[in-house]
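# Results of the structural survey
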Amino acid sequence: MMKVYKSSRRTLLFLLCLISSFAVFAQDKVVSGTVKDETGSPIPGVSVLVKGTTTGTLTDANGQFRISTKDTDVLSFTFVGYSASEISVGSQTNIEVSLKPDVTNLEEVVVTGYSVDKRRELTGAVSSVKAKDLVFAPTGNVEQMLQGRVPGVTVITNGQPGTTSQVRVRGFGAFGGNQPLYIVDGVPTADISFLNPDDIETTTVLKDAASASIYGARAASGVIVYTTKRGKRNQKLNVTYDGMYGFTSPGKGIDMMNPTDFADWTFNAIKNTAVQNGADPVAALATFNHPQFGKGPTPVIPDYLSVGGTPGITGTVDLDAEKLKYNVDPRKGSIYQVIAANKGGTDWFKEITRNAPVYRQTLGFSGGGESHRFYIGLSAQDQKGILLNNSLKRYAIRVNSEFDILKNLRVGENIQVTYRQALGLSGSSGGQGIAADENDILSAFRMPSIIPVHDVFGGYAGTAAKGFNNPRNPVASREGQANDRAFSGGVYGNIYAELDPIPGLTLRTSIGGNYQDVFGRNYSRWQYENSENNSAFGFSQFQSYSLAWTVTNTANYKLKFGEHNIDLLAGQEALNTGAGWNSSQNGINPFSWDPNYINITNLASTNPPFSSQSKGVNFSSYFGNVKYSFKEKYILGLVIRRDGSSRFSKNQRYGVFPAASAAWRISSEPFMQSVSFVNDLKIRGGYGAMGNSNNVDPLNQYSLYGGSVGNSSYDITGANSKATTGFYRTRIGNDEAKWETSITKNVGIDGLFFGGKLDVIVDFWQKDTKDLLYQLPITSTAGPNTNAPFVNIARMLNKGIDLAITTKGNFTGDLKYEATLTGSWLKNEITSIAPGQTYLTTVNPGFRGLNPIRNQLNYPISSFYGYIVEGLFQDAGDVSNHATQNGAAAGRLKYKDVNGDGKIDDNDRTFMGSPVPKFTGGFNFILRWKGIDLTAYMYTSLGGKIFNASRWFTDFYPSFQGAAIATRVKDSWTPTNTGATIPIFESASNFSTNQIANSYYVENGNYLRLQNVTVGYTFPASMVDKWKMTKLRVYAAANNLFTITKYKGLDPGVGGNADTNFGIDVGNYPLTKQYTLGLNLGF
Amino acid sequence: MKDVINKRIKSGVILAVIAVVSLLYSCKDSFLDVPVTGNLNAGLLSGKLGLENALIAIYSQVNGRAGRMASPSNWVWGSIRGGDAGKGTDPGDFSDINPIQRFEALASQGVILEKWNGNYEGIARANALLRLLKAPGPDVTDADKISYEAQAKFLRAHFYFELKRAFGNTPYVDENIDVLPSAGGVEGGIEKVKNDIDLYPKIEADMTIAYNNLPVTQSQVGKVNKGAATAYLGKIFLYEKKYTEAKAKFDEIVNPDGTGKGKTSNDKTYGLVPLFANVFKGTNDNNEESIWAYQSAANTGSVNNANPEFDLNWPYNTGSDGPGNCCSFFQPTFAMGNSFRTDALGQPLLDESYNSAANELVTDMSIETGSPWKATAEFAKDATVSRFDPAKPNQERVYVALAKNTGNDPLTDATNWKLVWVENTANPPMDPRIDHSIGRRGIPYLDWADPAKYTAFPGKAWIRNQPNAGPYATKKFVYYKTDKGTLQDNTSWTPGYTAINFPIIRFADVLLMAAEAEIEIGSLATALNYTNAVRNRAANPAGFVKDVDGTPAANYVITPYVFTDQADARTKVRFERKVELSGEGHRFFDLVRWGTANTELNAFLNYERNKTQLGALKSPDAVFHPGKDELLPIPQPQIDLVTADVLKQNPGF
């Protein structure tokens, strides 16, 4: 208080010097009052300021304030989330203020990195997300909640608790490393899975150079800045409890044939094959003897799929006698099982899934005194996945506090200690790549329904019963992971000190860090139930630790004279992205399979251990920022950052990234005053550069040798049981590689219309990444195992429109509404690669022989490439009239002769679509009636395609004959069903059937999802007061209630593990319906 | 106030100190010099130990590592394309191989690039060692230099030879050219090298240096020796039809009587292993027949050392009762099985009448393993069925219907059925090597037996998809039950990984190549000696596959050849290569160099096409096109990198 008062005095004196003639002096007096919210509850922590001065105070825990002022003063009341209110003091001594919830983005205060700005004065492209939008669903990683909330941000995620997601700010700037930089309380990180959503106070997304290049080198893919709750000074202890309980329902799988249809269609395939080969179908069925269904015109559904390995038994079996022979332990000799046919059909998707409970609770303590403030958060989240033995647990303690050592010196810290356990996660890059994996979800769609989960004596049943090819029992696979454990312990945070040596100048130093350690162990069963089994019981364990640190020093000087506001920032930062070790050990065949017995020591045989170390990447940076505004009408921003990184050699390690931006509040111009429906209108523009180095290995600068047992060992002595590891050239260095630079252009409009009822933010942007780092396309003659150097050759262009529209109002007196629409249009294009090249030859992922991806010049990243299916051949005439095509026959896929040369070959492959959505958006609608609130949130993704590779398995007989068949195959082509789009169901595997990537697999990925519906009730203050509480809200929510899509896979949210390689669905983990009940309490 | 100021100054100083210290620390230029971890720079490899390790890496690459298509076993490129075996398995499994066996290869196929890449990786590693040798460390003696150079060039010649056979001419790069220009007399521009020069002189030159400088024996058996270089050089000359030069080289390692003269690197005089089966036995690695073999090893921490290219090439659905368990790839063809037919005198059916209806082998196609006979069908006279007899589980029984009958069980209905396959005399005579090369029903499958259940290969039950790929399983390079866990590796997803060395050149191969050279420019008598040495070894009754009762498992009749004239000798030696070396990756390349690929392969395709109900060769498009299919297409992605002006596509693609 004293300090504020004193500094205000000084400021007044200063202002006097400038504009003394206007000074009017009046008598000081003390005014007191209470600030309440729209429900009449007092609001603590509201900033009360004498307008035009820095004199101010905060309301206490009861919403009360006292301030010295004069009759002529105007008091302004501001609080995050509420509209500011201004009241002329006049003769009043007691002022009652009611603040209204703020839906006007313009009044927001946004944390933009090293500083805090008012949205009114922003010149760059910055979006913020309300804290409440991050907590409505119990997701394991808060980044998922950004989906559709922030224009310009694309989030593709899946249903696995604890998964990472593909989060892209304004498209794909590079061929890799496009994940945004996260800043949590000033400390940079690549992973925010530790964050508890209830601890978050602000979330800000910096999208263009003008806003993000203060983070320079690592800002090219956007910056997402989180701050956590901090407590307020002079506030009584405030205890909050936020609890959410619910469950996720697994939903339905893909429709697969029941046992009868499956048997019939197996026989249909044999008939169709015979017809295609010009053979007699009746004779073919007489010869073809299915191990289970026999031969002849109609299949016989057996009673037993296996009795001691003999398939297709019809009749009764002496189970007592068989039980004596039963053995499912490979150590004890041959396997002997009796497997009954499940004539009712096993729903394998149902068998591997469950109604999965979830809860999240957070206990928050916040408060503060004259010289300190604090927030302590205790949180626990336990979320089971719909897949068995897939779960996430996170327990965290967060302590944020700040102390005034002196009036002008503050010391504080934001520290979180986290225990996190994510189990049963599949997919590379932390779960992100799951859609492209042959995982247990795919297995569930490959297991024929006639196979039961268990044999008659309780062991697992599976394709060891002959005739069903090679799917592995997914229930056994999931249950086999029951004892797997992996957990990480971590400490994340910073300590800082701030000094105000002279008024307006703040010096700040912060030391932050992130320490993580991980331990885990996995067991692998010795399988017996499948046709293809492993042959040992395996055990592995792994350990790692890493420590990253950041030191930041900044000086911030705010100067205000008259209508001029100047804000200067200069800073220095040094950091290491994380140094540490990791190691693992594994082996096979412990004497006992009891997990309590097993350790590495107790294994019968072990492989050589693995270990590796990392030193992390060092960055050293300097940056500065100037903001100037005049009357909030003309605003100018300049920012520059110079970064050095150990990723690059001495020659090229420094990069300078400047940006400039300006805004013009056109609504403040006299000529706009007559336009009554415009309350506020600001035009912004920015231009600048951001850097990126994520996509280059720090070793890129060196030519190196190395080796591993897998890549370069040899049994030179002929010992038969050991190999010496040799060295080969692992890397060709490029010491001239330098920063990628994204040049961004942004023009935006912030507008407030119709008395604040309509709030519009729109940005037109373009991001042109030049000097794009790209692995030098060198021929295999240099050694394909040698990492070719990354060189700055390519170029990528992203452009789009970001839009956020909010409207609010009252239907009737008490019935209020608020609707927010966000939308992002995105166009991504690879505009240049190495001279003479037309695509990235280095990226050609294969999915069972399908190679659907090509990163092509002049097309979006990760585009689908292959043959265009024009339809199905109808008859021999159709085949002979068409261009020559290998394997062509009636009912098979007819490809387009793209180059018109009369034959279908490699040269007829072409662009088949892109997984990059052209438009993503969200629509949030809130209705409030007295204490009741109803929220609905919808998300849509349009214009993206999905390559549904799972259909290779489910729609084609030759793709592992005997595995399950999708119900849709019933509508496949036959000579009498000529309008079909699904090819004839037959055995041939060739160019015209299942052998090659083509547009049959490419599906429309458009969808609209109702992501959340919440009904809440906030008890009125009068009632809550009686219970000595400050807040009580209960709510019920449903997530993902419906998804409207034509996509035939499980879920259209198909991501991938790499930007050059996504949109492939082999077995996506769906986002399914989730129901929760919640409680928010405050004391 | 003064206190306050002091405190303020103090705290300011503290803050400034923190800021300045961190500033200074990060300002140091060395702050951005982060050391390299887990890798070495070239300087560390110039010493003797470093060079030794660089050499190991070249040897390591010979098997193609994880690239199943890059192995010198050439199971797809030599054996499947040559008709020894089909892809096997299911139609859609690893469907990239389907167009290869149908001669519908597309230049964009990944399997083709894999062959290319595996060999160029080996070349790159050899070039890396040769570059390191330009500035060796002080502890490297001249003798060391010579040894390293000779080994590196041997291996480089091998990789180029593999490329030459598969693709024709490919870009020739040696240690004097690299990606980026750098010191040491190395030019840049490796990516601009055209494929317009004949590789053979380069291959010859490298192999000659190896030949001139390699020692007769080596301290480590895995290292190539003079004998290996001699044989390989002979093979190269033979491919070039330089018979004189080839003969000269073969003469250095073979005596005119067909016995060995040179030595293996572990100091064994070359010779034929007495029992044919022991050539493919892990416990008998590095035997006298092993001129150059890839040293395979199990349980090393990576199955890439344990013949990873064969991990799919095993019987199916065996559970723990059989080896490998997955995935029924590489099933010998009907035609290959028939090729082992001999006449009653023990001579092969060189007129290819082995594929005729009268001579082709009776197989268990469409007959279930051990299932009780279901007497529902009606059988015509002379119908044959196979019947598994629980009383004699070790023997296959084939019954012929004596009269039309209503499907009585031949086991109990002696009046209607005649058992035709119990006496050797009633059995078709066969080359004994069939049952070392092909797993077929009724014949013991190495030592894979469980007396309570089966003593012989059970047939259909161990075949993944008989209607698609026929009744046979591969048998060479299969591990023995007694070697489970020691010469076999259980640490991966499937058990089919072994420590059985793969013989890239074995003495029998050399004998037959030497015979070819003799036939062209030398003595038919010597050629006959060489060839009959191979046949006589096969004829050793001690090596016959035997039933539990100790009798031969089938009617094995094999006798030495007599050559009537040069043409006859050619035919016989060529046929001998087919049956001796089946499944070892030679056949396709042999057919191409003999100029007989068109007739042989199209005859094979026409026969095989009708043998299965669903098979990959059913397509009428499965045709060998002379002038085109002798070579693989140059991988399209490689052409796309450097344009068609630099890398010229092979004719027809």
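Residues numbered from 1 in each chain as written. Chains lettered and ligands numbered in written order. Predicted model: local features only at pLDDT ≥ 70, side-chain atom pairs only at ≥ 80, totals over all residues. Heavy atoms only, no water.

## Side note on the overall build of chain B
Each helix and strand in chain B was counted, giving 18 helices and 7 strands. Across the 653 residues of chain B, 65% fall into the buried class. Once local pairs closer than 6 in sequence are excluded, the contacts in chain B between residues at least 24 apart make up 69%. Per element, the accessible surface of chain B, about 21600 Å² overall, is 56% carbon and sulfur. (Helix = DSSP H or I, 4+ residues; strand = E, 2+ residues; numbered from the N terminus. Buried < 20%, exposed > 50% of the residue type's maximum accessible area, 1.4 Å probe, protein only. Contact = heavy atoms within 4.5 Å. Areas by Shrake-Rupley, 256 points an atom, 1.4 Å probe, with all protein chains shown as cover.)

## Considering the packing of aromatic side chains
Enumeration over the complete set of coordinates arrives at 78 aromatic pairs over all chains. Arranged with centres 5.5 Å apart and planes meeting at 90°, the rings of Phe161 of chain B and Tyr232 of chain B form a pair that is edge-to-face. Placement of Phe161 of chain B in helix α6 (residues 142-167) and of Tyr232 of chain B in helix α8 (residues 226-239) is noted, with a sequence separation of 71 residues between them. Each member of the pair Phe161 of chain B and Tyr232 of chain B is classed as buried. Consider the rings of Phe457 of chain B and Trp462 of chain B, whose centres lie 5.4 Å apart with planes at 85°: the pair is edge-to-face. Assigned by exposure class, Phe457 of chain B and Trp462 of chain B land together as buried. Ring pairs connect the aromatic residues Phe154, Phe161, Tyr200, Tyr232, Tyr239 and Trp292 of chain B, which therefore count as one cluster. Sitting above the plane of the Tyr496 of chain A ring, Arg508 of chain A keeps its charged end 4.4 Å from the centroid. (Phe/Tyr/Trp six-rings, centres within 6.5 Å; stacked < 30°, edge-to-face > 60°. Lys NZ or Arg CZ within 6 Å of the ring centre and 35° of its normal.)

## A look at the environment of Asn439 of chain A
All names here are of chain A. Structurally, Asn439 can be placed in the loop between β23 (409-423) and α7 (440-446). By relative accessible area, Asn439 is classed as buried at 8%. Along the backbone, Asn439 and Val1066 are 627 residues apart, and their C-alpha atoms lie at a distance of 8.1 Å. Sequence-distant contacts of Asn439, that is, excluding residues within four places in its chain, are made with Ser426, Ile434 and Gly1067. Polar contacts involving the side chain of Asn439 include one to the main-chain amide nitrogen of Ile441, which spans 3.0 Å. (Polar contact = N/O pair within 3.5 Å; in protein donor to acceptor, adjacent residues only side chain to side chain.)

## Description of helix α2 (residues 48-61) of chain B
An α-helical turn contains 3.6 residues, so any two residues separated by three or four positions project in the same direction. End to end, α2 of chain B covers 21 Å across 14 residues, agreeing with the expected 20 Å (1.5 Å per residue, within 8%). Among the residues of α2 of chain B, those classed as buried are Gly50, Leu51, Asn53, Ala54, Leu55, Ile56, Ala57, Ile58, Tyr59, Ser60 and Gln61 of chain B. (Expected span 1.5 Å × (residues − 1).)

## Re unusual backbone geometry
The omega angle of the peptide bond from Cys326 of chain B to Cys327 of chain B is 5°, so this bond is cis rather than trans. Along the chain, the position of Cys327 of chain B falls in the loop between β1 (290-294) and α10 (334-339). One non-glycine residue, Asn469 of chain A, lies in the positive phi region at around 60°. We classify Asn469 of chain A as buried; its relative accessible area is 7%. Its identity as a non-glycine residue notwithstanding, Phe960 of chain A has a phi of 65°, on the positive side. In this structure, Phe960 of chain A sits in the loop between α11 (950-954) and β50 (1002-1004).

## Some details on the environment of Arg951 of chain A
All names here are of chain A. For Arg951, the location among the structural elements is in helix α11. Sequence-distant contacts of Arg951, that is, excluding residues within four places in its chain, are made with Phe956, Arg968, Ile982, Tyr1000, Tyr1001, Glu1003 and Lys1048. A polar contact is formed between the side chain of Arg951 and the side chain of Asp955, at a distance of 2.7 Å.

## Quick word on the sheet that holds strand β4 (residues 64-69) of chain A
Residue and element names in this part refer to chain A. Pairing within the open sheet is mixed, and its 3 strands lie in the order β4-β1-β7. Only two strands of the sheet have a single neighbouring strand rather than two, namely β4 and β7 (94-98). Each strand axis lies, on average, 30° off the axis of its neighbour in the sheet, ignoring direction. Pairing analysis gives 6 bridges linking strand β1 (residues 29-36) to β4, with the strands arranged antiparallel. Bridge pairing in β4 links Val30 to Ser68. (Pairing = 2+ DSSP bridges. Axes fitted to C-alpha atoms, helices over the stretch in contact; angles between N-to-C directions.)

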